[in-house]
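One-letter residues, chain by chain:
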Amino acid sequence: MKLTLFLLLFSFAMNALGQNVSLSGKITDERNNPLPGVTVRLSPSMLATQSDASGYFTFPHVPAGHYSLTFSYTGYRQQVVPVHLVGGGTEVNINLYPAPQELGEVVVAGDRTEFRKREESMNVEVVNEVYIRRNLGGSLMKSLERQPGIKTIGIGSGQSKPLIRGLGFNRVVVVENGVKHEGQQWGVDHGLEIDQFAASQVELIKGAASFVYGSDAIAGAIDIKPHPVPPKHTLGGAVDIIGKTNNNLYGTSLNLYGRKERWFFDSRVTRLDYADYRVPTSRVYVYDYAVDLKDNRLRNTAGHETNLHLSTGVVEEKYRSVFYLSNTYSKSGFFANAHGLEPRRVNTEEQDASHRDILMPYQKVNHFKLINRSSFSLPGHEVEAELGYQKNFRQEFSPYVNHGYMPPLYPTRMRTPQTLEREFEKQVYSLNIKDNMAWGRHTLAAGVNTEYQDNSIGGWSFLVPAFRQFSAGAFLYDKFTLNEHWLLHGALRYDYGKIKITKYTDWFNSDVQTQEGTVSQALVRADSLQRQFQSFIWSAGFNYNREKLQLKANLGKSFRMPIAKELAANGVNYHYFSYEKGDPGLSPEQSYQLDVSVTWTQPKWSVQLSSFYNYFPNYIYLNPTSRHDYYYGAGNQVFQYAQSSVMRYGAEFEAKYRFLKHWSTEFLAEYLYSEQLSGEKKGYTLPFSPPPTAIINISYEPQFSRGPKNTYFSLDYRLTGSQYRIVPPEKKTPASQVLNFSAGTTLRVSRQELSISVQAQNLLNTRYLNHTSFYRLIELPEAGRNIILSLKVPFTLLRHD
Amino acid sequence: MKKIIISMLATTLFLLSSCQGDEEEVLDTEYPVIDTSFAGAFPVQCSTVKRGETFTFRVRLRDNLRLGSLSVDIHHNFDHHTHSTEVTECAMEPVKAPVKPFLLIKDFPIPEGQREYEGNYQIQIPADVDPGDYHFLIRLTDQEGWQTLKGLSIKVQ
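Residues numbered from 1 in each chain as written. Chains lettered and ligands numbered in written order. Predicted model: local features only at pLDDT ≥ 70, side-chain atom pairs only at ≥ 80, totals over all residues. Heavy atoms only, no water.

*Asks:* Any chance you could explain the UniProt feature "domain: TonB-dependent receptor-like beta-barrel" (unreviewed entry) in chain A here in plain terms?
*Replies:* In this numbering, the UniProt entry assigns the feature "domain: TonB-dependent receptor-like beta-barrel" (unreviewed entry) to residues 262–763 of chain A. Its end C-alpha atoms 48 Å apart, residues 262–763 of chain A is made of 2% helix and 66% strand. (UniProt positions renumbered as here; feature names shortened; annotations may be inferred. Helix = DSSP H or I, 4+ residues; strand = E, 2+ residues; numbered from the N terminus.)

*Asks:* What is the right way to read the interface of chain B and chain A from this model?
*Replies:* Across the boundary between the two partners, chain B contributes 48 residues, which contact 55 residues of chain A. Taken together, the two surfaces of chain B and chain A that pack against each other cover about 4300 Å², and 63% of this comes from carbon and sulfur. Linking chain B with chain A are one salt bridge, by the criterion used here. A salt bridge links Arg345(A) to Glu89(B); its shortest N-O distance comes to 3.7 Å. The tally of links from chain B across to chain A stands at 19 residue pairs in polar contact (both at pLDDT 80 or more). (Contact = heavy atoms within 4.5 Å. Buried area = accessible area lost by both parts, 1.4 Å probe. Salt bridge = Lys/Arg side-chain N within 4 Å of Asp/Glu carboxyl O. Polar contact = N/O pair within 3.5 Å; in protein donor to acceptor, adjacent residues only side chain to side chain.)

*Asks:* In this structure, what is going on with the domain arrangement of chain A? I would like to understand it.
*Replies:* Interfaces are often described in size by the accessible area the parts lose on coming together. The domains assigned to chain A are domain 1 (2–99) and domain 2 (110–408 + 422–514 + 537–799). The distance between the C-alpha centroids of domain 1 of chain A and domain 2 of chain A comes to 35 Å. (Domains from an automatic or database assignment.)

*Asks:* Sorry, what's going on with the sheet that holds strand S6 (residues 116–124) of chain B here?
*Replies:* Backbone hydrogen bonds hold the strands of a sheet together, and the pairing may be parallel or antiparallel. Residues and elements named next belong to chain B. Pairing within the open sheet is antiparallel, and its three strands lie in the order S1-S3-S6. Both outer strands of the open sheet, strand S1 (33–35) and S6, are each paired with one neighbouring strand and no more. Averaged over all pairs of adjacent strands, the angle between their axes in this sheet comes to 30°, without regard to strand direction. Of the strand pairs in this sheet, strand S3 (residues 54–62) and S6 are connected by nine bridges, and their pairing is antiparallel. The residue of S6 that forms the bridge with Arg 58 is Asn 120. (Pairing = 2+ DSSP bridges. Axes fitted to C-alpha atoms, helices over the stretch in contact; angles between N-to-C directions.)

*Asks:* Please clarify how the sheet that holds strand S3 (residues 48–50) of chain A should be interpreted in this entry.
*Replies:* Residues and elements named next belong to chain A. Pairing within the open sheet is antiparallel, and its four strands lie in the order S3-S2-S5-S6. In the strand order of this sheet, the two ends are held by S3 and strand S6 (79–85), each with one partner. On average, each strand axis in the sheet is tilted by 25° relative to the strand beside it, whichever way the strands run.

*Asks:* How should unusual backbone geometry be read in this particular structure?
*Replies:* Most peptide bonds take the trans form, and the phi angle of most residues other than glycine is negative. The step from Met360(A) to Pro361(A) runs through a cis peptide bond, and the omega angle for that step is 0°. Within the fold, Pro361(A) resides in the loop between helix H6 (348–351) and strand S25 (362–378). In this structure, Pro729(A) follows Pro728(A) across a cis peptide bond, with omega equal to 0°. Notably, Glu779(A) is not glycine yet its phi reads approximately 65°, a positive angle. You can see Glu779(A) is positioned in the loop between strand S44 (752–761) and strand S45 (786–799). A positive phi angle, close to 75°, is found at Cys46(B), a residue other than glycine. Residue placement: Cys46(B) occurs in the loop between S1 and strand S2 (48–49). You can call Cys46(B) partly exposed: its relative accessible area is 35%. (Buried < 20%, exposed > 50% of the residue type's maximum accessible area, 1.4 Å probe, protein only.)

Spelled out as structure tokens, the structure:
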């Protein structure tokens, strides 16, 4: 059956051959000198090429029809030319003109966004570094949170993980430089080890994206693209300086890049240092225990972060190979008066001595990454390969506390340091190969993704066992250009996965009730276990593009392999008073999703409505039961992994209107509904369901004939609805309203350019709770007013004209 | 074409509205209640219990629908590591190292299907355990899995 489908798809591709014409041309600069290396994109279709040393480009076999050609080149203004191909050969010659921006400030995302949106049947948004700087939050995910449908689960001011339409953890894939980012996605208090200053462009895919990104991309994917390769014969860089008033953050990011003819390098060093963050209250309550805060600061939420990046490689006309090397390191404290849900007594004198120090409990996370990304062009083929190695190392430090049956005094025989509560080490090897083929009116992509993971654990507490995991997937994707308005998409994917869990036995004895009475014994927390999974998924969609109208729909099946924690967890999370019990028999989670999106664009206004309906026959859910366990659970509440069917639907709406030349307004809204249709929590929602939100924006963007450029003033009024649909152990969160202001401009001082942006987050210092914050359960309010100042100074050391 | 768009929009609106109507079945979103404020409740915040003796743990448990299970954990707090969940602070003894601290992790049965229940449970403290500051942690669930915690500071004399 599967084979027949593949064959059908292929024969479909073969039949469409014929009626082909060639399209070629020459690209020159403003002085009519040939411009090599210009990216030429033909749309609709995924065809792209680069101009050769003499500025020539060719698309040899293009079916007749209406197209548009997009020419992009770093430092030059992008141009779009409509072409109508009838028969024989067509020639398009063009001059490109330098962009008004300086090097290092090149932004072509606007047009690329348009291109991606028109050619992708899934819901996709593209944001660039300018957007990130304008909305700079404590982490990359926080900076993206303004996008409808994107939320975060945060802890403290520097860590957060993405939620796409209410799903997060292992249901969202993050890709950096073509390789899936693998950290400790499953954990609640882990952030995402990504340097937001190093992100040049981020693609947000909302929808069933497993057929491209494999297991876990059930809710979607966040694809972080590297910076574009610098132009030839340049040497330059940029200095970013940032400061925040709320948590007294100061930071800098230095970038240096250069390129000769073929070789280039791009490097970056980022350092951020922040103090305890402030909330608009001087007293918080952990249960009924009143915690007085000194200077409104949440004790011990300070941290720092150091990130290093180096990419280098060769770029040629038909071949490119780039190495990306990076290391991100962070150390951050957790609120001292509560560890998880557990109220803690603190030595306030020691804790309040400095608001910059990091005392226990705290975490250290290091993520090392080495990726090679290579691609080469053959006639009709564009082959891409990524080879990656990652090592994620996380440690959580906390004073030893003998919870449950742990010995009252930490034994001296233990090799694990007394303060090391948890340690996770993950090593990941990835290999992806993909071939993009142009075949008449078909654009085919075929590829394989493989990944091997080796996970080990340490520390005196136990949450998840060590495990090894292998996964491999093969996919075939076809984009068929029916005519200038219609694009059809179809994809098939097969995945195989294998997980091997290592046995874990407690290092201490527990009192266990048996038939012979109470016995003291070391408990086996996880038995060795091996499971294999297979999955066959598909996706189909279309784009219908008119000048003003864009209509798209996609129906797809996605999947997710159960993770080690879901299969084999059998430990007590004492900070949450929960005994989490895995189920070794879980099946791969499956999801069916329909996405429909309509966009209407007029010169002065545009509206977009994206809606989805999603059904899971076997969603894996951690169910809090009414039982307490006295064997493995040391008297804690049993949280049992189970599968239930789940239905979700929702929509995002965006409207923009430019009512005066320099004034515009924007309305962004999102709504989400989730319901468990079976199982013990039938009728309940899923945890972390974001409440409906809306943002009303007004922007003023004056233009001056000389002097400052890219000037903007923008005010966001964010309305968040209440969330009363909750599931144990959540709490109802009331509605809130927050004002955010931002402004910025680019100045030229003598010959030096300078970009300044200012933000005032939570302008009115409103006290509110965030339903998806990790600290919500202990009623900690969100950060108070935060003024963020950031400065970017690009510089050019060498530029060859 | 317009028909397609209109039907798409209509479908979307239908999807958005369809499940709203019949969704109003009442789900339990209430936490159970551990009441130690009535006269005769024991222990309460800062209570003292004696070694070698048995005391009666008296507590009132309530839920809007059905109570689940009750679990008690008595553990030492000689290092002052944790805090009670209560408003009142108790006078603490100086920090000390445990030698033979008392530990009790035990379930106390609640009859099935109750909305209210007053528990009277006997707890015996051995004579040879360390005296000092202890925590008396009460965990109560209801049938739906909502759990309420109450952490009391007590002294063992």
